[in-house]
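Topology and contacts: notes
The chain contents come next:
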Amino acid sequence: EDHIISGLPLRNKKVLITAGPTYEAIDPVRFIGNHSSGKMGFELAKEAANLGAEVILISGPSNESIKHALIKRIDVVTAEEMYTAVHEHYATCNIAILSAAVADFKPDHAAVDKIKKIDAVLNINLVPTKDILASLGEAKKNQFLVGFALETSNELENAKGKLRRKNLDLIVLNSLNDKGAGFKKATNKITLIDTEEKCQSFETKSKTEVAKDIFNEILKKHQA
Ligand code: CTP
Ligand code: CA
């Protein structure tokens, strides 16, 4: 553990964080979502605030709560709403960390009325959502941009591909196949990959500790 950085190294910096799942409506009572709890993003927000940053936390539906004078929480539901909220704040940010589990697809339209039960196959057409992280990679000026990757096979290769394609400065590879890691859990196992494709694997630890590891690395790399 190197704690070379002390004090409030992110004082006067603005950090944008996305967290949680998104919900994409099928009809007034149903949606497409995922098991993301939002925990990792909320821990990142806490750590950023503890380091002195002004934090914009943009979260999909989550049961997590947070109260800190430096954290402004913005609640959204859909990928489209998250995209809009993120772009309202990105230009003035120094660091952006996108940990949200954004739905990749949404129904092409939400039915106005509750869909009735029928004794037949129901087809729902799904269309792609906007890739928020990729859009930030394109719009990047001086921001230090961090993404997450969740992979079930070819983990390192896929994560490196996302880092390059989305123009990131750092990617956090989440291992889902570790016993103590993943959705709903209080722990996580990560590998950090930088632009030189240097990989750093960490032990399974609490998401609070994982957030500290991620910021240690950001502070080493980001000279703003
Ligand atoms: N992401 C995003 N907007 C989306 C989809 C993903 O901002 N519409 C971000 C996530 O927050 C994460 C990163 O992109 O930081 C990677 O997400 P992931 O689901 O692992 O990768 P995808 O690019 O969506 O590709 P796939 O799901 O096919 O692996
Ligand atoms: Ca995805």
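An unreviewed UniProt entry annotates the chain as Coenzyme A biosynthesis bifunctional protein CoaBC originating from Aureibaculum algae.

With that settled, consider the nonpolar core. In this structure, Val15, Ile17, Ala48, Met82, Ala96, Val146 and Ile171 are the most contacted members of the largest nonpolar core, which totals 54 residues. Among all residues touching alanine 96, those that are not within four sequence positions of it are Leu16, Tyr90, Leu136, Gln143, Leu145 and Val146.

Before going further, it helps to spend a moment on unusual backbone geometry. Of note in this structure, asparagine 167 is not a glycine but carries a positive phi near 60°. Tracing the backbone through its elements, the reader meets asparagine 167 in the loop between α4 (155-165) and β10 (170-175). You will see that glutamate 197, though not glycine, has its phi angle at about 65°, which is positive. Mapped onto the elements, glutamate 197 comes out in the loop between β12 (190-194) and β13 (199-201). The exposed category is assigned to glutamate 197, around which 11 C-beta atoms lie within 10 Å.

Here the focus is the site of ligand 1. If you check the shell around ligand 1, you find 16 residues, and the closest are Val102, Ile132, Leu133, Gly147 and Phe148. Of all elements in the fold, only α3 (132-139) and β9 (144-151) reach the threshold of two or more residues within the shell around ligand 1. Element by element, the count of residues in the shell around ligand 1 is highest for β9, at four residues. Among the residues forming the shell around ligand 1, the class breakdown is nine nonpolar, three polar and four charged.

Bringing α3 into the picture now. All buried positions along α3 are accounted for by Ile132, Leu133, Leu136 and Gly137. For α3, the angular spread of the buried residues around the axis is 145°, confining them to a single face. Buried residues in α3 make contact with β1 (14-19), α2 (79-90), β6 (95-98) and β9.

This part is about the UniProt feature "binding site: CTP" (unreviewed entry) in the chain. According to UniProt, the "binding site: CTP" (unreviewed entry) feature falls on Asp104, Lys114, Phe148, Lys162 and Lys166. Taking the farthest pair of C-alpha atoms as the criterion, the annotated set spanning 63 residues is dispersed, since that pair is 37.5 Å apart. As for its position among the elements, lysine 114 is in the loop between β7 (105-107) and β8 (126-128). Judged by the 11 C-beta atoms lying within 10 Å of it, lysine 114 falls in the exposed class. Aside from chain neighbours lying at most four places away, what touches lysine 114 is Asp27, Pro28 and Val29. Within the secondary structure, lysine 166 sits in the loop between α4 and β10. Ignoring sequence-local partners within four residues, the contact set of lysine 166 consists of Leu133, Ala134, Gly137 and Gly147.

Rules and cut-offs
Residues numbered from 1 in each chain as written. Chains lettered and ligands numbered in written order. Predicted model: local features only at pLDDT ≥ 70, side-chain atom pairs only at ≥ 80, totals over all residues. Core = buried A, V, L, I, M, F, W, Y, C linked by C-beta atoms within 7 Å. Buried ≥ 20, exposed ≤ 12 C-beta atoms within 10 Å, placed from the backbone. Contact = placed C-beta atoms within 7 Å. Helix = DSSP H or I, 4+ residues; strand = E, 2+ residues; numbered from the N terminus. Near = placed C-beta within 6 Å. Nonpolar A, V, L, I, M, F, W, Y, C, P; charged D, E, K, R; others polar. Arc of directions from axis to C-beta. UniProt positions renumbered as here; feature names shortened; annotations may be inferred.

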